[in-house]
Amino acid sequence: MSSAASIINRYTKKLNHFVNYTKRLIFGVNSTVDNNNNNSNCNHNSSSSNNNNNSNSLGNNPIQIIYEYLSKLAASQTFSMDIYSPENSEYIKKCLLVMNNLNLSHVGLEDLSLNQIKRSACMGIQNNENFEMAIFILPKGAILPLHDHPNMTVLSKILLGRLHLQGFSRNIENNNYYVFMNNNEQSNSNVLQINQQIQTSITENCEKSISDSAWYLSPSNSNIHQFVALETCVIFDVLVPPYCFPNRPCNYYAFENETDKVLNINDNVLLKVISEPSNILPIPVKYNGYKPTEKVL
Ligand SMILES: [Fe+2]
């Protein structure tokens, strides 16, 4: 073997060793790290090919039904503050009801040894300019740290485990994080700065488990939240609109006063904007479950 070939061979072995190590670190051997996506917010593009091998092979997989309701929502409405809530959108209400029946088999996770997961992971199911569907997997004790969803509505359902949820609403009249222009470009006038203090009230402080119904946050209600996994958790999320259309960076927060961690509903809480805590954010992992297909509506 030439020296060049020998070097390439050694390099390939090292690379394979690293890939296998990463697989074991996150997921045992059953899934693969999504090398095409390093976005910690799980803002996956939807270019990966469809793989329905793990679906229940029915056209009515709840993921498909949710996808179709969200597509109808997108076709029927234009973006507006708080427009996407169960109170004013039949489609959001229907999505929440369908999510109540969602389980691990619908997203191809029923056979995985999820309790062996060593660190948080996320999987992108669908991402287009109108909505995003994703799964978050948190090992016991992991934290999805305080973060926001600027001008977004997020629907959530626990598919496995139990977590502690805290949600915060900003104490301002107008909860617009950004001013959106006609061409969907955002003005930076309201973009938050590191160390900026944000007055909030705590609006959620509870446990959520697999037996709880799907719930939601909106631009004005509980838009800042954090999860602490009390057991290994799988969470299914729908984000309307997604983080990336138009680009709306996620902000991360910390308590300004450590004593504020013990809270009662409606307590005022001062948060401060911090830089992205990338060391504890979920790692993107390739999704191998049911991928919804576009149908003519
Ligand atoms: Fe979130």
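Caption draft 1: Expanded view of the overall build of the chain. Within the chain, the secondary structure is distributed over 3 helices and 14 strands. Out of the 297 residues belonging to the chain, those deemed buried represent 36%. Across the chain, contacts joining residues at least 24 apart in sequence account for 81% of those joining residues at least 6 apart.

Caption draft 2: Spatial organisation of the sheet that holds strand β11 (residues 233-240). Ordered by their spatial adjacency, 6 strands build an open sheet running β9-β4-β11-β2-β1-β14, and the pairing between neighbours is mixed. Only two strands of the sheet have a single partner each, and these edge strands are β9 (215-217) and β14 (283-284). With 2 bridges connecting them, strand β1 (residues 121-127) and β14 associate as parallel partners. Paired with cysteine 122 across the bridge in β14 is proline 284. In the packing of helix α2 (residues 62-76) onto the sheet, contacts are made with β1, β2 (132-138) and β11, and the angle to β11 comes to roughly 20°. Of the strands in this sheet, β4 (153-160), β9 and β11 are in contact with helix α3 (residues 90-99), which crosses β4 at around 10°.

Caption draft 3: Molecular detail of α3. Among all positions in α3, only Tyr91, Ile92, Cys95, Leu96 and Met99 are buried. Down the axis of α3, the buried side of the element spans an arc of 140°, and every buried residue falls inside it.

Caption draft 4: Up close: the packing of α2 against α3. Here α2 crosses α3 at 170°, and the two axes come no closer than 9 Å. One element, α2, and the other, α3, form an angle in the roughly antiparallel class. Mapping the contact onto sequence places Pro62, Ile65, Ile66, Tyr69, Leu70, Lys72 and Leu73 in α2 and Tyr91, Ile92, Lys94, Cys95, Val98 and Met99 in α3. Within the contact of α2 with α3, the residues separate by chemical class into 11 nonpolar, no polar and 2 charged.

Caption draft 5: Geometry of the nonpolar core. Of all hydrophobic cores here, the largest spans 50 residues; its most connected members are Ile66, Leu70, Cys95, Ile135, Leu138, Val234 and Val238. Looking at this core, the element that brings in the most residues is β11, giving 7 residues. Once you skip the residues sitting within four places of it in the chain, valine 238 turns out to touch Ile66, Leu70, Cys95, Phe131, Met133, Val154 and Leu155. Membership of the second largest hydrophobic core comes to 7 residues, among which are Phe168, Ile224, Tyr253 and Leu271.

Caption draft 6: Examining unusual backbone geometry more closely. Following valine 240, the chain continues to proline 241 via a peptide bond in cis, the omega torsion being -10°. If you trace the backbone, proline 241 turns up in the loop between β11 and β12 (252-255). The residue asparagine 195 is not glycine, and still its phi comes out positive at about 75°. Within the secondary structure layout, asparagine 195 lies in the loop between β7 (186-187) and β8 (197-209). The class for asparagine 195 is exposed, based on 11 C-beta atoms found within 10 Å. Despite not being glycine, asparagine 266 shows a phi value in the positive range, around 80°. Along the polypeptide, asparagine 266 turns up in the loop between β12 and β13 (268-274).

About the thresholds
- Residues numbered from 1 in each chain as written.
- Predicted model: local features only at pLDDT ≥ 70, side-chain atom pairs only at ≥ 80, totals over all residues.
- Helix = DSSP H or I, 4+ residues; strand = E, 2+ residues; numbered from the N terminus.
- Buried ≥ 20, exposed ≤ 12 C-beta atoms within 10 Å, placed from the backbone.
- Contact = placed C-beta atoms within 7 Å.
- Pairing = 2+ DSSP bridges.
- Axes fitted to C-alpha atoms, helices over the stretch in contact; angles between N-to-C directions.
- Arc of directions from axis to C-beta.
- Parallel < 35°, antiparallel > 145°, perpendicular 65-115°, else oblique.
- Nonpolar A, V, L, I, M, F, W, Y, C, P; charged D, E, K, R; others polar.
- Core = buried A, V, L, I, M, F, W, Y, C linked by C-beta atoms within 7 Å.

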